[in-house]
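The chain contents come next:
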Amino acid sequence: MRAFTSVIAACLMSASTLCAQDYDTNMFNHMSLGVTAGTPGVGLDIAMPMSDYVQVRAGATYMPQISFNTELEYKDEATDAMKASPTTIKNKVDFFNAKLLFDIYFSPSFPLHVTLGAYYGGGTPITIESVGNKEKLIEIWQHNINRINDPYGERGFELWGPMVGSYVLLPDNEGKINARIETSKFKPYAGLGWGRAQTDGGINWMVEAGVMFWNEPKMYCTTTCKDAENNNKLKEVTYELPAQSTSSSKGGLTTQISKIKIYPVINFRLGFNLF
């Protein structure tokens, strides 16, 4: 990450040198309003030239909340067999980011460019919660009430599902499962694009492909357990789940996302000249 940040800094310094070459006539002399759509979600931004070789874009993107359910199984400690649970898991994707990007062109007349910058926000892109029948999860919690100090041991029940891999998701005393995937809020970005945000025709378009570097995501689960130092009163505890292997065919979407250190970006921008 430090090496990548150093490369971005060097490129931006080079960009500032290019800007200085025609500062008087081309610095922020136009503005374009853009609507974007792609893997970061939908968004708005404004773009202004810093020179014939560099333009800056600032805005925000939002991935509308998407939910999908997954049935769960649990491991019976008595028979060591997997059994169906009447409870399902709801996975919710919710992704909001601000962005500051610099498009660096190889030629004033050629639309191919390198884009460097960063996105910020969206530190919890996926949350997981239980829906449906809670009785079985309350039963599981009662069997695992003292397991929080050893959440990855062999005791009690282990929940499993195609979208959560073999993660141990412990319900709380009310039969709820609350888990989340967290990533770095600051996400350096690098990409390659085609097009400009300012054209003579008034309407312009751009396409780009790149990656956000959001470090290795971490997964957490929140549950309740008895506090032996406080008359066994219930307390809320959050624990980190161990990373899962991407080689598992049962890992599913959430397992895969929890392992990748980059987020792919494919974006389309439709712009309108403001001045």
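This structure is a prediction, so every number in the text was calculated from the model and none was measured.

> Tell me about the overall build of the chain, and please be specific about residues and values.
Helices and strands together make up the secondary structure of the chain, namely four helices and 13 strands. Counting the 275 residues in the chain, one finds 44% classified as buried. Expressed as a percentage of contacts within the chain between residues at least 6 apart in sequence, the contacts between residues at least 24 apart total 69%. About 13800 Å² of surface is accessible on the chain, with carbon and sulfur atoms providing 58% of the total.

> An account of the side chain of Lys99 is requested, with residue identities and associated values reported.
Here Lys99 is to be found in strand E4 (residues 82–107). Residue Lys99 is classed as buried on the basis of its relative accessible area, which comes to 5%. Within the structure, Lys99 has its side chain in polar contact with the side chain of Asp45 (distance 3.3 Å).

> Tell me about the pattern of salt bridges, residues and numbers included.
Scanning all chains against the criterion turns up eight salt bridges. Measuring nitrogen to oxygen at the nearest pair gives 2.8 Å for the salt bridge that ties Arg269 to Asp45. Placement of Arg269 in strand E13 (residues 262–273) and of Asp45 in strand E2 (residues 41–49) is noted, with a sequence separation of 224 residues between them. Take Asp45: its relative accessible area is 2%, and that puts it in the buried class. The partner of Glu182 in a salt bridge is Arg180, with the nearest N and O atoms 2.5 Å apart. Judged by relative accessible area, Glu182 falls into the partly exposed class, the value being 26%. On the basis of relative accessible area, Arg180 is assigned to the partly exposed category, the value being 25%. Here the salt bridges share partners, and the residues they tie into one network are Asp45, Lys99 and Arg269.

> Tell me about the packing of aromatic side chains, residues and numbers included.
If you walk through the whole model with that rule in mind, you get six aromatic pairs. Consider the rings of Trp214 and Tyr263, whose centres lie 5.3 Å apart with planes at 40°: the pair is tilted. Taken together, the residues Trp214 in the loop between strand E10 (203–213) and strand E11 (218–227) and Tyr263 in strand E13 connect sequence positions 49 residues apart. A single burial state applies to Trp214 and to Tyr263, both of which are buried. In textbook terms, an aromatic cluster arises when at least three aromatic residues are bridged by ring pairs, as seen for Phe95, Trp214 and Tyr263. One residue, Arg196, lies across the ring of Tyr105, its end atom 3.8 Å from the ring centre.

> Would you mind going over the confidence of the model for the chain in detail, with residue names and values included?
Confidence in the prediction of the chain, expressed as mean pLDDT, is 79, and 75% of residues score 70 or more. Ignoring residues within four places in sequence, the model shows residues 151–156, a span with pLDDT below 50, making 17 contacts including any to other chains. A low-confidence stretch, residues 245–251 stays under pLDDT 50, and its non-local contacts, those more than four residues away or across chains, total 13 contacts.

> Please set out the nonpolar core residue by residue, giving values where relevant.
Leu169, Met212, Met219 and Tyr263 are the most contacted members of the largest nonpolar core, which totals 27 residues. Mapped onto this core, the elements with two or more residues apiece are strand E3 (54–75), E4, strand E6 (126–132), helix H3 (135–143), strand E8 (178–182), E11, strand E12 (233–241) and E13. For this core, the element with the most residues is E4, which contributes four residues. In this structure Tyr263 touches Thr39, Pro40, Met63, Phe95, Gly210, Val211, Met212 and Trp214, once residues within four positions along its chain are discounted. Ranked by size, the runner-up nonpolar core spans six residues in total, among them Met31, Met48, Val54 and Val56.

> Can you tell me about H3, naming the residues and giving the values?
Within H3, the full set of buried residues consists of Lys136, Leu137, Ile140 and Trp141. Along the axis of H3, the buried residues cluster in a sector spanning 140°; they form a single face.

> If you had to explain the environment of Phe186 to someone new, which residues and values would you point to?
You can see Phe186 is positioned in strand E9 (residues 186–195). Separated by 68 residues in the primary sequence, Phe186 and Ala118 place their C-alpha atoms 7.0 Å from one another. Ignoring sequence-local partners within four residues, the contact set of Phe186 consists of Ala118, Tyr119, Tyr120 and Phe213.

Here is what the cut-offs are and how they apply
- Residues numbered from 1 in each chain as written.
- Predicted model: local features only at pLDDT ≥ 70, side-chain atom pairs only at ≥ 80, totals over all residues.
- Heavy atoms only, no water.
- Helix = DSSP H or I, 4+ residues; strand = E, 2+ residues; numbered from the N terminus.
- Buried < 20%, exposed > 50% of the residue type's maximum accessible area, 1.4 Å probe, protein only.
- Contact = heavy atoms within 4.5 Å.
- Areas by Shrake-Rupley, 256 points an atom, 1.4 Å probe, with all protein chains shown as cover.
- Polar contact = N/O pair within 3.5 Å; in protein donor to acceptor, adjacent residues only side chain to side chain.
- Salt bridge = Lys/Arg side-chain N within 4 Å of Asp/Glu carboxyl O.
- Phe/Tyr/Trp six-rings, centres within 6.5 Å; stacked < 30°, edge-to-face > 60°.
- Lys NZ or Arg CZ within 6 Å of the ring centre and 35° of its normal.
- pLDDT = per-residue confidence, 0-100.
- Core = buried A, V, L, I, M, F, W, Y, C linked by side-chain atoms within 4.5 Å.
- Arc of directions from axis to C-beta.

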